[in-house]
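So you can see what is in the structure, the chains are spelled out below.
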Amino acid sequence: MARFELSAFSDELSADFERQLEGMAERNIGLIEIRGVFGKNISEVSESEAHEIKKMLDLYGIGLSAIGSPLGKINIQGDMAGHLELTKRITNIANILGCSKIRGFSFYGTNDDDKDTVVEAVGKMTDITYAGGVLFCHENEKGIYGDTPEKCLLLKHELGDFLGVVFDPANFIQCGRVPYPVAYEMLAEDITYVHIKDSDAYGTVMPAGEGIGRIPEMLTALNVRNEDIILTLEPHLRVFDGLDALEGGEKSLIGGGYRTSEEAFDAAVNAIRGIMKNVGVAEIR
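When helices and strands are tallied, the protein shows ten helices and 14 strands. In terms of overall dimensions, the protein is globule-like: its C-alpha atoms have a radius of gyration of 17 Å, near the 19 Å expected for 285 residues. Dimensions of the protein, computed from C-alpha atoms along their principal axes, come out at roughly 45 × 45 × 35 Å. For the protein, with 285 residues in total, the buried portion stands at 56%.

Here it is in structure tokens:
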């Protein structure tokens, strides 16, 4: 049986980093995928700020599941040399923070004929992160090269152990694909961790279990594994500070109508914990 541990994009709870940590501790969530901190993206913090972040994480007893980086969120014809320097910078930040994974993407402005170009570009990033002792984990975001299960599988086969796989059900729905069972069965053996985000058939983000992502069935399937599995909440149930800057392609359709970020965040937490209880999976806290 698997053991599931919740993580979260805590910047969707609050723009204030200390409140993010307080909020995770209050909700008994021991991990975060760090993204928005000190009013900027984690990729923009200085070394001294990274050391301060580490102190704050330790003070609140919060660990990192991944760095929520913007790597690979530029046009494939963009400044690749500069992007590789950014990869080195973020890898250094990950090492300061003691984090073993960096979430990234596979470039905008691509088409089916760009396989070799994309593999080369992502490969250069994974070479840097791997040399730094950090795993580059590719997320299937709409509008990038690897936004379908077929292309995620292609990238994994090309880059092997240098590349991790982030499985986001809502993103597959937004690309017109079926996350479970179709995408899941294609990628199951390669999944590094899962983003918990659901969507209706029109692409509007919803709490887990309220969309068509079949998240309960996916957790049941994952539960046969004898391993620890991280489920990272990415609620997207309310517009939050920095959302526009995160989305280089088509903008997310936000559902829910929640009054505050904390209310929206709690809806996401309660939804996934309700599913976990109903399907009988164990949560590590």
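A few words now on the packing of aromatic side chains. Taken as a whole and assessed by the stated rule, the structure comprises five aromatic pairs. Centre to centre, the rings of Phe-167 and Tyr-184 are 6.3 Å apart; their planes meet at 80°, and the pair counts as edge-to-face. Of this pair, Phe-167 sits in strand β8 (residues 163–167) while Tyr-184 is found in helix α7 (residues 179–187), placing the two residues 17 residues apart along the sequence. One exposure class covers both Phe-167 and Tyr-184, and it is buried. Here the aromatic cluster, defined as three or more aromatic residues joined through ring pairs, consists of Phe-167, Phe-172, Tyr-180 and Tyr-184. Against the face of Phe-105 rests Lys-73, its NZ or CZ located 4.7 Å from the ring centre.

This part is about the pairing of strand β5 (residues 63–68). Along β5, five of the six residues are buried, which leaves the element largely enclosed by surrounding structure. Direction of pairing for strand β2 (residues 31–34) relative to β5: parallel, over a ladder of four bridges. When the bridges of β5 are listed, Ile-32 appears paired with Leu-64. The sheet contact formed by β5 and strand β6 (residues 101–104) spans two bridges and is parallel. Paired with Gly-68 across the strands is Arg-103, a residue of β6. Crossover β5 to β6 through helix α3 (residues 80–97) is right-handed.

Inspection of helix α5 (residues 149–159) places Pro-149, Lys-151, Cys-152, Leu-153, Leu-155, Lys-156 and Leu-159 among the buried residues, and these make up the whole buried set. Elements that come into contact with the buried residues of α5 comprise α4 (115–131), β7 (135–139), β8, α6 (169–174) and α7.

It is a probe the size of a water molecule, rolled over the atoms, that shows where empty space is left. Under the criterion given, the structure shown has two cavities of 30 Å³ or more. Lining the largest cavity, in full, are Ile-196, Lys-197, Asp-198, Met-206, Pro-207, Ala-208, Leu-233, Glu-234, Pro-235 and Ala-268. Across the lining of the largest cavity, the residue classes tally to seven nonpolar, no polar and three charged. The volume enclosed by the second largest cavity comes to roughly 30 Å³. Grouping the amino acids of the lining of the second largest cavity by side-chain chemistry returns four nonpolar, two polar and two charged.

Quick look at the sheet that holds β2 now. Hydrogen bonds between backbone groups are what pair the strands of a sheet, and the pairing can be parallel or antiparallel. Spatially, the nine strands line up as an open sheet ordered β2-β5-β6-β7-β8-β9-β12-β1-β14, and their pairing is parallel. Lying at the two open borders of the sheet, with one neighbouring strand each, are β2 and β14 (282–284). Each strand axis lies, on average, 30° off the axis of its neighbour in the sheet, ignoring direction. Of the strand pairs in this sheet, strand β9 (residues 191–196) and strand β12 (residues 228–233) are connected by three bridges, and their pairing is parallel.

On to the pattern of salt bridges, then. Overall, the coordinates contain 26 salt bridges when judged by the stated rule. Linking Asp-11 and Arg-35 is a salt bridge whose minimum nitrogen-to-oxygen distance equals 2.9 Å. With Asp-11 in the loop between β1 (3–8) and α1 (17–26) and Arg-35 in the loop between β2 and β3 (36–37), the pair connects residues that are 24 residues apart, well separated along the chain. With a relative accessible area of 8%, Asp-11 lands in the buried category. As a salt-bridge pair, Arg-285 and Glu-283 come within 3.1 Å of each other at their nearest N and O atoms. Salt bridges linked by common partners bring Asp-11, Glu-12, Arg-35, Asp-168, Lys-197 and Glu-234 together as one network.

Each value, and the rule that gives it
Residues numbered from 1 in each chain as written. Predicted model: local features only at pLDDT ≥ 70, side-chain atom pairs only at ≥ 80, totals over all residues. Heavy atoms only, no water. Helix = DSSP H or I, 4+ residues; strand = E, 2+ residues; numbered from the N terminus. Rg over C-alpha atoms; globule rule 2.2 N^0.38 Å. Buried < 20%, exposed > 50% of the residue type's maximum accessible area, 1.4 Å probe, protein only. Phe/Tyr/Trp six-rings, centres within 6.5 Å; stacked < 30°, edge-to-face > 60°. Lys NZ or Arg CZ within 6 Å of the ring centre and 35° of its normal. Pairing = 2+ DSSP bridges. Right-handed = clockwise from strand over helix to strand, strands pointing away. Contact = heavy atoms within 4.5 Å. 1 Å grid on protein atoms, 1.4 Å probe; cavity = no way out; pocket = protein on both sides within 12 Å on 5 of 7 lines; lining within 4 Å. Points joined across faces, edges and corners; volume = space filled by probe spheres on them. Nonpolar A, V, L, I, M, F, W, Y, C, P; charged D, E, K, R; others polar. Axes fitted to C-alpha atoms, helices over the stretch in contact; angles between N-to-C directions. Salt bridge = Lys/Arg side-chain N within 4 Å of Asp/Glu carboxyl O.

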